[in-house]
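Breakdown of the fold
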Amino acid sequence: MTTGITLYTLAAVVGLTAISVVTRAFFMLPRRPLPIPAWLREALRYAPLAALVAVVAPDVLLRDGALLATWRDAALWATVAGAAWYVWRRTILGTIVCGTAVLLTLRLVLHFQ
Amino acid sequence: MTGMSTPHPIWRDPAFVQGARDMAQPALGIGAWGLVTGVAMVKAGFSLPLAVLVSLTVFAGSAQLATTPLIAAGAPLWVIWATATCVNLRFVIFSAGWRPYFEHLPLGRRLGIGYLAGDLNYVLFTRRYPSPRPEPGQQAYFWGGAVTNWVAWQAFSLAGIALAAQIPTAWGLGFAGTLALLGLAGSLLVDRATWVAGGVAALAAVAAFALPFRLNIVVAIAAAVAVGVVLDHWGRTPKAPT
């Protein structure tokens with residue numbers, strides 16, 4: 001199913017663009033400096049990581065809303081390979097290349113799901 | 001003092017050239033990230049015009065990757081925006097770092113700088129100007145890197161959008177976007193507290209997956225922040241050896 005330009009997607013895009021500008025300029029915006037409350041500083045430490053993990057984990061562990069039922073899953077092993085690369089080399093580019101190589105090999109050659 | 005008082009155009013400034021040169025090599029890595037983002041949008045079902053529009057306006061790889069499946073699933077706008085805001089929170093922290101260099105500029109200029117200030121721009125700029133005070137050439141250096149970064153990102157992102165249609169969906173290449181987020185998440189796992197918070201976020205996101213509107217993401221963020229803050233207050237957590 002194709003997602004085209006509709007009122008809904010346009011609103012999403014306008015909001016996302018505003019979020020790009022406002023988050024990146026945030027503390028440059030006020031004329032006078034903003035004091036950052038301590039609780040917010042602590043929350044800032046964990047929220048970005050949580051948001052990323054919350055998108056990744058279901059992509060890896062769930063298929064159609066249920067936990068993986070088979071080990072013959074290409075995305076699972078692609079994630080393991082990508083994570084191993086990241087631990088070894090600490091590069092995001094390598095994580096993508098290594099994980100995608102494993103994904104395509106398993107899916108196209110070994111016919112994993 | 002502003003570095004803008006020079007008579008020649010800013011792109012002739014040696015600092016602009018230096019900024020562009022410093023960005024040229026890392027821009028290849030940025031390009032790969034852009035390619036993945038472009039492919040992921042089309043593979044999620046975005047039409048060509050929508051994918052191009054998002055690339056040219058939103059200009060935020062991790063936020064785009066995180067929100068693309070949400071937009072494709074028709075999630076409520078506030079969930080989409082909340083997710084993007086959370087993914088972008090690191091930029092809020094960087095913006096506090098940008099402030100001493102650029103706070104004297106007019107609002108429009110500060111907004112423009114903010115819009116183009118990616119992760120690498122911050123890393124390269126603070127390496128070139130370690131002391132947080134305005135100096136001549138800083139704006140030229142920033143724009144040199146920012147323009148290079150923007151061109152590389154857009155060229156690769158648009159290439160990804162164009163090429164995605166040639167790649168069979170069965171290959172599952174959209175997963176490359178998930179792998180990119182995985183690497184980015186890895187870069188944020190710096191001590192025991194962040195590992196625990198990340199684990200909690202993963203469990204919560206999977207356990208709450210049945211919630212409508214991708215609210216599992218909000219649940220995961222709330223749970224991870226709560227656990228992280230509690231860990232911080234439970235005495236100093238020993239740093240994991242790295």
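This text follows the structure it describes.
In this report, the structure presented in the accompanying data block is examined. Keep in mind it's a predicted model, so treat the numbers as computed, not measured.

1. Points about the packing of aromatic side chains
All names here are of chain B. The tally for this structure, following the rule as stated, stands at 17 aromatic pairs over all chains. Between Phe-125 and Tyr-129 the ring centres are 5.0 Å apart and the planes differ by 40°, which places this aromatic pair in the tilted class. In terms of burial, Phe-125 and Tyr-129 fall into one category: buried. Both rings, one in Phe-142 and one in Trp-143, keep their centres 5.6 Å apart while their planes meet at 85°; by these two values the pair is edge-to-face. Using a relative accessible area of 2% as the deciding quantity, one classes Phe-142 as buried. One aromatic cluster in this structure is built from Trp-98, Tyr-101, Phe-102, Tyr-122, Phe-125, Tyr-129, Tyr-141, Phe-142 and Trp-143.

2. Focus on the interface of chain B and chain A
Facing the 88 residues of chain B at the interface are 68 residues of chain A. In this assembly, chain B packs against chain A so that about 6,800 Å² is buried in total across both faces, 75% of it on carbon and sulfur atoms. In terms of surface lost to chain A, no three residues of chain B exceed Arg-99, Phe-175 and Leu-179 of chain B, which account for 10% of the buried area on that side. For the interface between chain B and chain A, the tally reads 0 salt bridges. At the surface where chain B touches chain A, the tally comes to 20 residue pairs in polar contact (both at pLDDT 80 or more). In terms of residue count, helix α10 (residues 175-188) of chain B provides more of the side of chain B that touches chain A than any other element does, 13 residues in total. Considering only residue class, the side of chain B that touches chain A consists of 61 nonpolar, 21 polar and 6 charged.

3. Description of the pattern of salt bridges
Counted by the stated rule, this structure contains 2 salt bridges over all chains. Linking Arg-63 of chain A and Asp-73 of chain A is a salt bridge whose minimum nitrogen-to-oxygen distance equals 2.8 Å. Of the two residues, Arg-63 of chain A sits in strand β1 (residues 62-63) while Asp-73 of chain A sits in the loop between β2 (66-67) and α3 (74-89), which places them 10 residues apart along the sequence. The class for Asp-73 of chain A is buried, based on a relative accessible area of 1%. Where Arg-99 of chain B meets Glu-103 of chain B, a salt bridge forms, and the shortest distance between an N and an O atom there is 3.2 Å. Taking the relative accessible area as the measure of exposure, Arg-99 of chain B reaches 8% and is therefore buried. The exposure class of Glu-103 of chain B is partly exposed, given its relative accessible area of 33%.

4. Remarks on unusual backbone geometry
Of note in the backbone geometry, Asp-64 of chain A takes a positive phi value of approximately 55° without being a glycine. On the secondary structure map, Asp-64 of chain A appears in the loop between β1 and β2. Judged by relative accessible area, Asp-64 of chain A falls into the exposed class, the value being 87%. Of note in this structure, Phe-59 of chain B is not a glycine but carries a positive phi near 50°. Mapped onto the elements of the fold, Phe-59 of chain B is located in the loop between α3 (48-58) and α4 (61-72).

5. Examining the nonpolar core
Formed by 107 residues in total, the largest nonpolar core has its most connected members in Trp-98, Phe-102, Phe-125, Phe-142 and Ile-221 of chain B. Broken down by element, the residue count for this core peaks at 13 residues, all from helix α2 (residues 38-61) of chain A. Counting the residues that make up this core, at least three belong to each of domain 1 (10-80 + 99-188) and domain 2 (189-233) of chain B. With residues near it in sequence (within four places) discarded, Phe-102 of chain B still touches Met-28 of chain A together with Arg-110, Ile-113, Phe-125, Gln-139 and Phe-142 of chain B.

6. What to know about the side chain of Ser-95 of chain B
Examined against the element boundaries, Ser-95 of chain B turns out to sit in helix α6 (residues 89-102). Separated by 2.6 Å, the side chain of Ser-95 of chain B and the backbone oxygen of Val-92 of chain B make a polar contact. If near-sequence neighbours (up to four positions away) are discounted, Ser-95 of chain B is found in contact with Thr-23, Arg-24, Ala-25, Phe-26, Phe-27 and Met-28 of chain A.

7. Let's talk about the packing of helix α1 (residues 7-25) of chain A against helix α7 (residues 107-116) of chain B
When two helices pack together, their arrangement is given by the angle between their axes and by how far apart the axes lie. It is at 7 Å that the axes of α1 of chain A and α7 of chain B come closest, and there the two elements cross at 105°. As far as their axial angle goes, α7 of chain B and α1 of chain A are roughly perpendicular. Within the contact between the two elements, α1 of chain A uses Thr-17, Ser-20, Val-21, Arg-24 and Ala-25 of chain A and α7 of chain B uses Arg-110, Leu-111, Gly-114 and Tyr-115 of chain B. In terms of residue class, the contact of α1 of chain A with α7 of chain B is built from 4 nonpolar, 3 polar and 2 charged.

8. A short note on the packing of helix α11 (residues 192-207) of chain B against helix α12 (residues 215-233) of chain B
All names here are of chain B. In the contact formed by α11 and α12, the axes pass within 8 Å of each other and the chain directions differ by 150°. Taken together, α11 and α12 sit at an angle that is classed as roughly antiparallel. In this structure, α11 crosses over α12, and the sense of that crossing is right-handed. Across the interface between the two elements, Ala-193, Val-196, Ala-197, Val-200, Ala-201, Ala-204 and Ala-205 from α11 touch Asn-216, Val-219, Ala-220, Ala-223, Ala-224, Val-227, Leu-231 and Asp-232 from α12. Within the contact of α11 with α12, the residues separate by chemical class into 13 nonpolar, 1 polar and 1 charged.

The rules behind each value
- Residues numbered from 1 in each chain as written.
- Chains lettered and ligands numbered in written order.
- Predicted model: local features only at pLDDT ≥ 70, side-chain atom pairs only at ≥ 80, totals over all residues.
- Heavy atoms only, no water.
- Phe/Tyr/Trp six-rings, centres within 6.5 Å; stacked < 30°, edge-to-face > 60°.
- Buried < 20%, exposed > 50% of the residue type's maximum accessible area, 1.4 Å probe, protein only.
- Contact = heavy atoms within 4.5 Å.
- Buried area = accessible area lost by both parts, 1.4 Å probe.
- Salt bridge = Lys/Arg side-chain N within 4 Å of Asp/Glu carboxyl O.
- Polar contact = N/O pair within 3.5 Å; in protein donor to acceptor, adjacent residues only side chain to side chain.
- Helix = DSSP H or I, 4+ residues; strand = E, 2+ residues; numbered from the N terminus.
- Nonpolar A, V, L, I, M, F, W, Y, C, P; charged D, E, K, R; others polar.
- Core = buried A, V, L, I, M, F, W, Y, C linked by side-chain atoms within 4.5 Å.
- Domains from an automatic or database assignment.
- Axes fitted to C-alpha atoms, helices over the stretch in contact; angles between N-to-C directions.
- Parallel < 35°, antiparallel > 145°, perpendicular 65-115°, else oblique.
- Left-handed = near helix turned anticlockwise from the far one by under 90°.

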